[in-house]
Amino acid sequence: TYHLSYRSSTCCCLNYQTICIVHILMKLPSSTAVQNTSVSGPLLFYALILFFVYLADALMSYIAPVFIQQQVADTLVMGLILASSSAMGIICDSLFPSIFQSKHHSFFIWTTICLALLFPAIFLFFPHYVGMLFVAMLIWGIYFELLMFANSYFVEAFMRREQHSLAWGVINTF
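Note that the structure is predicted; figures quoted are calculated from it, not measured.

How each quantity is defined
Once a new chain begins, its residue numbering starts again from 1 and follows that chain's sequence as written. Totals for whole chains, interfaces and linings use every residue, but because this is a predicted model, local features are given only for residues with pLDDT of at least 70 and side-chain atom pairs only at 80 or more, for both listing and counting. Side-chain figures throughout are based on the complete set of non-hydrogen atoms in the structure, without hydrogens or water. Secondary structure elements follow DSSP: runs of H or I no shorter than four residues count as helices, runs of E no shorter than two count as strands, and numbering proceeds from the N terminus. Throughout, exposure labels follow a simple rule: accessible area from a 1.4 Å probe, protein chains only, divided by the maximum for the residue type, with under 20% read as buried, over 50% as exposed, and the rest as partly exposed. When checking whether two residues touch, look at their non-hydrogen atoms; a contact exists if any pair is within 4.5 Å. Shrake-Rupley sampling with a 1.4 Å probe provides the accessible areas, and residues are treated as covered by the protein chains on show and by no other component. Centres within 6.5 Å make a pair out of two Phe, Tyr or Trp rings, where for Trp the six-membered ring is used; the pair is then stacked when the planes are under 30 degrees apart, edge-to-face when over 60, and tilted otherwise. Sitting over a ring, as applied to charges here, requires NZ of Lys or CZ of Arg to be within 6 Å of the ring centre and within 35 degrees of the ring normal. Every angle, taken between N-to-C directions, lies between 0 and 180 degrees, and every axis is a line fitted to C-alpha atoms, over only the stretch in contact when it is a helix. Note that the term roughly parallel is reserved for angles under 35 degrees, roughly antiparallel for angles over 145, roughly perpendicular for angles of 65 to 115, and oblique for everything else. Crossing handedness follows the turn of the near helix against the far one: under a right angle anticlockwise gives a left-handed crossing, and clockwise gives a right-handed one. Residue polarity follows a fixed list, in which Ala, Val, Leu, Ile, Met, Phe, Trp, Tyr, Cys and Pro are nonpolar, Asp, Glu, Lys and Arg are charged, and the others, Gly among them, are polar. Take the residue count of a helix, subtract one, and multiply by 1.5 Å to get its expected span. Working definition for bend: take the seven residues up to and ending at a residue and the seven starting at it, fit an axis to each, and measure the angle between the axes. Polar contacts here mean pairs of N or O atoms no more than 3.5 Å apart (in protein, one a potential hydrogen donor and the other a potential acceptor; neighbouring residues in sequence count only if both atoms are side-chain atoms). The term salt bridge refers to a side-chain nitrogen of Lys or Arg lying within 4 Å of a carboxyl oxygen of Asp or Glu. The pLDDT value tells you how sure the predictor is about a given residue, anywhere from 0 up to 100. Exposure above 30% relative accessible area and the lack of any salt bridge qualify a residue for a patch; like charges then connect within 9 Å, and the nonpolar side chains Val, Leu, Ile, Met, Phe, Trp and Tyr within 5 Å.

Draft legend 1. Structural context of the overall build of the chain. The helix and strand inventory of the chain stands at 7 helices and 2 strands. Start at the N end of the chain and walk to the C end: the helices and strands fall as β-β-α-α-α-α-α-α-α. Out of the 174 residues in the chain, the part that is buried amounts to 33%. Restricting the contact set of the chain to residue pairs at least 6 apart, pairs at least 24 apart contribute 68%. With the model as given, the accessible surface of the chain reaches about 10900 Å², and the carbon-plus-sulfur share is 69%.

Right, dumping it as structure tokens:
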């Protein structure tokens, strides 16, 4: 704990992060401090959606390699299956900006959620087909890139320019 005094007001028993935030806010004009630190309703709602999407992604990130290892005996094939997701991500990064120019963030987030549901469904319904494991990983690569595009489009559509860093901070918290 630290002892902080600033102009005649004293704050006791604060941790280091709180002191830094208080110090920064005291140096800013009051209107700027409030304007830059307020989190809007759309951002909080979007962050809640992202929380569940990233929670599901974290579970699948753990389960997918274990499941694939149980289904595929050859480590080379397993590596190719896992790498196909990244290869698809590279392809999507180059194609999506030109294909989906006029789409909004809602298109990207809903498509992401649908693909996120399709990914484990393939593992459940086609567990013994190696080709379907490739398809599942390709879908995962597409899903992840759509999620990144959804985040970018959301920040651009709903946040003022001076709030972009705040929005990216909230989004990347998950």
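Draft legend 2. Quick look at the packing of aromatic side chains. Enumeration according to the criterion identifies 15 aromatic pairs in this entry. For the ring pair phenylalanine 108 and tyrosine 153, a centre distance of 4.7 Å and an interplane angle of 55° mean the geometry is tilted. Of this pair, phenylalanine 108 sits in helix H5 (residues 105–125) while tyrosine 153 sits in helix H6 (residues 130–158), placing them 45 residues apart in sequence. Overall, the relative accessible area of 22% leaves tyrosine 153 in the partly exposed class. Centroid distance phenylalanine 119 to phenylalanine 123: 5.0 Å. Interplanar angle 55°. Geometry classified as tilted. With a gap of 4 residues between them, phenylalanine 119 and phenylalanine 123 both fall in helix H5, about one helical turn apart. What links up through ring pairs into an aromatic cluster is the set Phe96, Phe100, Phe107, Phe108, Phe149 and Tyr153. Positioned above the aromatic ring of phenylalanine 107, the side-chain terminus of lysine 103 is 4.9 Å from the ring centre.

Draft legend 3. Representation of the packing of helix H3 (residues 41–71) against H5. Direction vectors running N to C along H3 and H5 enclose 25°, while the axes themselves pass 11 Å from each other. Here H3 lies roughly parallel to H5, going by the angle between them. Relative to H5, H3 is oriented so that their crossing is left-handed. Between H3 and H5, the contacting residues are Tyr46, Ile49, Leu50, Val53, Met60, Ala64, Phe67 and Ile68 on the first element and Ile109, Thr112, Ile113, Phe119, Pro120 and Phe123 on the second. Class assignment for the residues of the contact of H3 with H5 results in 13 nonpolar, 1 polar and no charged.

Draft legend 4. Inspection of helix H4 (residues 75–99) at higher detail. Taking 1.5 Å per residue, 25 residues should reach 36 Å; H4 reaches 35 Å between its end C-alpha atoms and fits that length. At aspartate 93, H4 is deflected by roughly 35°, the largest bend along its length, and proline proline 97 occurs up to four residues later in sequence. The N-terminus of H4 is capped by aspartate 74, whose side-chain oxygen sits 3.3 Å from the backbone nitrogen of leucine 76.

Draft legend 5. Representation of the environment of leucine 133 in the model. As for its position among the elements, leucine 133 is in helix H6. By relative accessible area, which is 1% here, leucine 133 ends up buried. Apart from residues lying up to four places away in sequence, leucine 133 is in contact with Phe67, Ile68, Gln71, Val72, Ile81 and Phe123.

Draft legend 6. Molecular detail of the pattern of salt bridges. Taken as a whole, this structure holds 1 salt bridge when the rule is applied. Taking the shortest distance from any N to any O, the salt bridge between glutamate 162 and arginine 160 comes out at 2.8 Å.

Draft legend 7. The arrangement of the confidence of the model for the chain in detail. Across the chain, the average pLDDT comes to 81, with 78% of residues at or above 70. Contacts for the low-pLDDT stretch residues 1–26, under 50 throughout, to residues beyond four places or in other chains number 23 contacts.

Draft legend 8. Representation of a nonpolar patch on the surface within the structure. A cluster of nonpolar residues, Leu48, Phe51, Phe52, Leu55, Leu59, Tyr62, Ile63, Val66 and Phe174, forms a patch on the protein surface that exposes about 890 Å² of accessible area. Within the secondary structure, phenylalanine 51 sits in helix H3. Of the residues examined, phenylalanine 51 reaches a relative accessible area of 37% and is grouped as partly exposed.

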